[in-house]
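Coordinate inspection notes
In case you want the letters, here they are:
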Amino acid sequence: MYTEKKYSYIEWIDAEEVHQQSKKYFSELSFIKAEQQFLNTLLQSFATIPIDEKQLGQIISFRKALAENERRLITIFKQVQKHMNQLEIMMDDTDQLEMEKAYVKTHQNLFKRVYKFLFDYRTIKEKGFAELSLILKTRKNKTAIGNPEYKLKTISHEN
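Residues numbered from 1 in each chain as written. Predicted model: local features only at pLDDT ≥ 70, side-chain atom pairs only at ≥ 80, totals over all residues. Heavy atoms only, no water.

1. Looking at the nonpolar core
Here is the rule we go by: Only buried residues count toward a nonpolar core. Its members are Ala, Val, Leu, Ile, Met, Phe, Trp, Tyr and Cys residues joined through side-chain atoms within 4.5 Å. Note on exposure labels: buried denotes an accessible area under 20% of the residue type's maximum, exposed denotes more than 50%, and partly exposed covers the range between, all computed with a 1.4 Å probe on protein chains only. Numbering of helices and strands starts at the N terminus; helices are DSSP runs of H or I of at least 4 residues and strands are runs of E of at least 2. What makes two residues a contact is simply this: any of their non-hydrogen atoms within 4.5 Å.
Grouped together as the largest cluster of nonpolar side chains are 22 residues, with contacts concentrated most on L29, V114, F117 and L132. Elements that contribute at least two residues to this core include exactly α1 (15-45), α2 (53-85) and α4 (97-138). Ranked by residue count, the leading element in this core is α4, at eight residues. Those residues in contact with F117 that lie beyond four places of it in its chain are L29, I32, N69, R72, L73 and I76.

2. Comments concerning the pattern of salt bridges
Filter applied, for reference: In the sections that follow, a salt bridge refers to a side-chain nitrogen of Lys or Arg positioned within 4 Å of a carboxyl oxygen of Asp or Glu.
A full pass over the atoms with the stated rule returns six salt bridges. A salt bridge links K116 to D120; its shortest N-O distance comes to 3.0 Å. Here the residue K116 and the residue D120 both occupy positions in helix α4, the gap between them amounting to four residues, near one helical turn. K116 gets classed as exposed once you look at its relative accessible area, which sits at 51%.

3. Observations concerning the side chain of N69
Structurally, N69 can be placed in helix α2. Residue N69 is classed as buried on the basis of its relative accessible area of 1%. When near neighbours in sequence (up to four residues on either side) are disregarded, N69 contacts Q36, F117, Y121 and I124.

Bear in mind that shape data such as this cannot, by itself, settle questions of function.
What follows is the structure, given as structure tokens:
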């Protein structure tokens, strides 16, 4: 009895291509990690200028969005690191078709999540910068920086 075999086409990703993509995303996520530290410092600088409650709410909202994003960043950053460490499955000379297929599927799913993360992060940043810019524009004549009336009190330490 003759049985017909059915074959399906699987798009295969080259190990070098996977490695390059992984390095690219690892680099982008590393940059975002440093950028978030800068943004937190920037938001802290708003503590030195007088702002109203609405503006404070905007800053707090931006800070919360950044904190949530930072939690997501840590998780996805670790996943990309782990994924890069497992690349050996694709590069060894052993044919492990099922493991390699699973690795490629994981690669595709992980990088869909990375794209979504990057898009969400850019959206948060864009909205936050728009709010901060508006605050600075409305405060341009009212900031304490450069104001001759604004003086720091010095504390003398006597032993």
